[in-house]
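Remarks on the overall topology
The chain contents come next:
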Amino acid sequence: MKIAVIGTGYVGLVTGVALSEIGNRVTCIDVDPSKVEKLSNGIPTIYEPGLEELIRKNLESGNLSFTAKHQEGLSDAEVVYIAVGTPQRPDGAANLDYVEQAARDIAANITRNVIVVIKSTVPVGTNFHIKDLINKNTKNGIQIKIASNPEFLREGSAVKDTFHGDRIVIGTEDEQTADILAELNQPFGAPIVTTDISSAEMIKYSSNAFLATKISFINEIANLCEAMGANVEEVAKGMGLDHRIGPDFLKAGIGYGGSCFPKDTNALVQLAGNANHDFNLLKSVIEVNNHQQVLLLNKIESRFGSIQGKRVAVLGLAFKPNTDDLRESPAFVMIPKLCAMGADVIAYDPIAVSNAKRQLGTDIDYTEDLHEALNNADFAIIITDWPSVKNADLAIFNTLMKEPVVFDGRNCYALDKVKQATLEYYSIGRPDQAPELIG
Ligand SMILES: NC(=O)c1ccc[n+]([C@@H]2O[C@H](COP(=O)([O-])OP(=O)(O)OC[C@H]3O[C@@H](n4cnc5c(N)ncnc54)[C@H](O)[C@@H]3O)[C@@H](O)[C@H]2O)c1
Ligand SMILES: O=c1ccn([C@@H]2O[C@H](COP(=O)(O)OP(=O)(O)O[C@H]3O[C@H](CO)[C@@H](O)[C@H](O)[C@H]3O)[C@@H](O)[C@H]2O)c(=O)[nH]1
């Protein structure tokens, strides 16, 4: 099929590349010419394992191309995907400006009846609104079909998630469109759920809200474990073996971040409010997460009192490993607070440093070298469970730091290893390993 994908962020790029890999002719369109130039030369604009090889392979086969001109991609497309951003507005609601602009771009450039598939995460009702917007603005009586096909990929494992997904959700108004899209998606091998459009839109928000709820729940249990002398990892293991609960997304830590959970939970609260429903449970999930992101500061304050002038190694800037995405990373909550408390911060990340410099500025030091970060530090804070941090020889904390004091927001290390390495160690929901406790 001839397919156009509007937007080459995480979702647009991975969608376009995947659809070309299964044999379609795909043109990916982005308003940012610098992205288009890089991608046309086979250079990925995001860090995503396995993506570069697929981009190059499909550029070479001629199945994949990139353009900044809407007309080039849209004029002969049979199916058009919208995969532009839906960021958070100040009131928490989803900002639909980019989706609406993409709709106008479609209306101005299509030359035949097409199926427009919305991949972006959009509030319930948006698909119908976009369909109307396009149909009102097309020329020559062209009428489009609309479909909701929400995306469930995770950053850092986007390629794997696309080719080994748990399900593909397709919401349509009619069976014929559902059949065409089911056939298009069949090579991905995942179970296909065909449903109505509003339910498809809701499946996306509810899935993210439920996963965020699991995380905030286990974080609250972690905080109780600390107060009561239990170990949250043992608790999560014991809970997760129950198939009704499941072991995933029960990892306690410094709270969830990223481009989706924070904005999508806020958007669902707003959406519920618009329907006169007060979504108290989800409001609490968000509140617990906001609190969780700064909990380690309490431990730091009770350990040190003032941290004025102390050298702090912040280990990890990305919101999770295997991505250079910094959106809503807990590091961006923690670092400004540490700076305000007078700390001298050096931030380590293996791939996100140049992105971070653009956003956080140069008031702090940056390094891609873990050893350099720890060198002469008064204490370290682990924000991202990068393999380089998780698999580090714990002896380096003792040999490089002034004192081996570690605040671990990701529970990277087994407590017996920490004890052996004689670290002073504070983690989440597990007994502290302070010197007087080590004995
Ligand atoms: N990032 C993820 O992991 C993820 C996963 C699932 C769903 N989603 C959802 O998918 C959507 C896209 O997310 P993202 O992270 O890929 O977004 P992004 O903001 O990283 O990328 C969007 C891209 O669209 C381009 N763009 C904007 N308007 C355009 C237009 N009119 N024509 C052509 N290009 C245009 C921008 O230049 C940008 O490159 C969002 O709704 C998000 O919630 C994201
Ligand atoms: O047990 C866990 C699991 C995750 N996290 C944190 O939760 C956040 C999100 O992680 P993850 O879900 O792996 O990454 P995303 O790439 O944000 O993916 C989520 O958001 C996407 C965008 O909507 C969806 O497509 C995915 O299905 C959904 O998992 C990160 O900060 C993680 O550190 C935890 O704290 N504990």
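Residues numbered from 1 in each chain as written. Chains lettered and ligands numbered in written order. Predicted model: local features only at pLDDT ≥ 70, side-chain atom pairs only at ≥ 80, totals over all residues.

As annotated in an unreviewed UniProt entry, the protein chain carries the name UDP-glucose 6-dehydrogenase and comes from Sporolactobacillus mangiferae. Looking at the protein chain in UniProt, the text filed under Sequence similarities (unreviewed entry) is "Belongs to the UDP-glucose/GDP-mannose dehydrogenase family." (UniProt positions renumbered as here; feature names shortened; annotations may be inferred.)

As a further point, take the site of ligand 2. Surrounding ligand 2, one finds 21 residues, the nearest of these being E155, K251, Y256, G258 and C260. Only helix 9 (197–228) and helix 11 (261–274) provide two or more residues apiece to the shell around ligand 2. By residue number, the principal contributor to the shell around ligand 2 is helix 9, which donates three residues. A per-class count over the shell around ligand 2 returns ten nonpolar, five polar and six charged. (Near = placed C-beta within 6 Å. Helix = DSSP H or I, 4+ residues; strand = E, 2+ residues; numbered from the N terminus. Nonpolar A, V, L, I, M, F, W, Y, C, P; charged D, E, K, R; others polar.)

Turn by turn, an α-helix covers 3.6 residues, leaving residues three or four places apart pointing in a common direction. Relative to the 16 Å expected for twelve residues at 1.5 Å per residue, helix 6 (residues 126–137) spans 17 Å between its end C-alpha atoms, a close match to the ideal helical length. Among the structural elements, helix 5 (97–109), strand 5 (115–118), strand 6 (145–148) and helix 9 are those in contact with the buried residues of helix 6. (Expected span 1.5 Å × (residues − 1). Contact = placed C-beta atoms within 7 Å.)

With that settled, consider the pairing of strand 10 (residues 344–348). The element strand 10 is largely enclosed, with a buried count of four among its five residues. Strand direction decides the pairing type here: strand 9 (residues 311–315) and strand 10, joined by five bridges, are parallel. Paired with R311 across the two strands is D344, which belongs to strand 10. Relative to strand 11 (residues 365–367), strand 10 is paired through three bridges, and the arrangement is parallel. Paired with Y348 across the two strands is T367, which belongs to strand 11. With helix 15 (residues 353–360) bridging strand 10 and the parallel strand 11, this β-α-β connection has right-handed handedness. (Buried ≥ 20, exposed ≤ 12 C-beta atoms within 10 Å, placed from the backbone. Pairing = 2+ DSSP bridges. Right-handed = clockwise from strand over helix to strand, strands pointing away.)

Take the site of ligand 1 next. Lining the immediate environment of ligand 1, one finds 27 residues, of which G7, G9, G85, S120 and T121 sit closest. Counting residues per element, the ones that place at least two in the shell around ligand 1 are helix 1 (10–21) and helix 5. Looking at the shell around ligand 1, the element that brings in the most residues is helix 5, giving four residues. Partitioned by chemical class, the residues of the shell around ligand 1 number eleven nonpolar, ten polar and six charged.

Okay, the domain arrangement of the protein chain next. As far as domains go, the protein chain holds domain 1 (2–195), domain 2 (204–291) and domain 3 (293–438). The distance between the C-alpha centroids of domain 1 and domain 2 comes to 29 Å. Across the side of domain 1 that touches domain 2, the residue classes tally to seven nonpolar, three polar and two charged. (Domains from an automatic or database assignment.)

UniProt records the feature "domain: UDP-glucose/GDP-mannose dehydrogenase C-terminal" (unreviewed entry) at residues 313–415, using the numbering of this structure. Secondary structure across residues 313–415 divides into 33% helix and 18% strand, with the first and last C-alpha atoms of the span separated by 21 Å.

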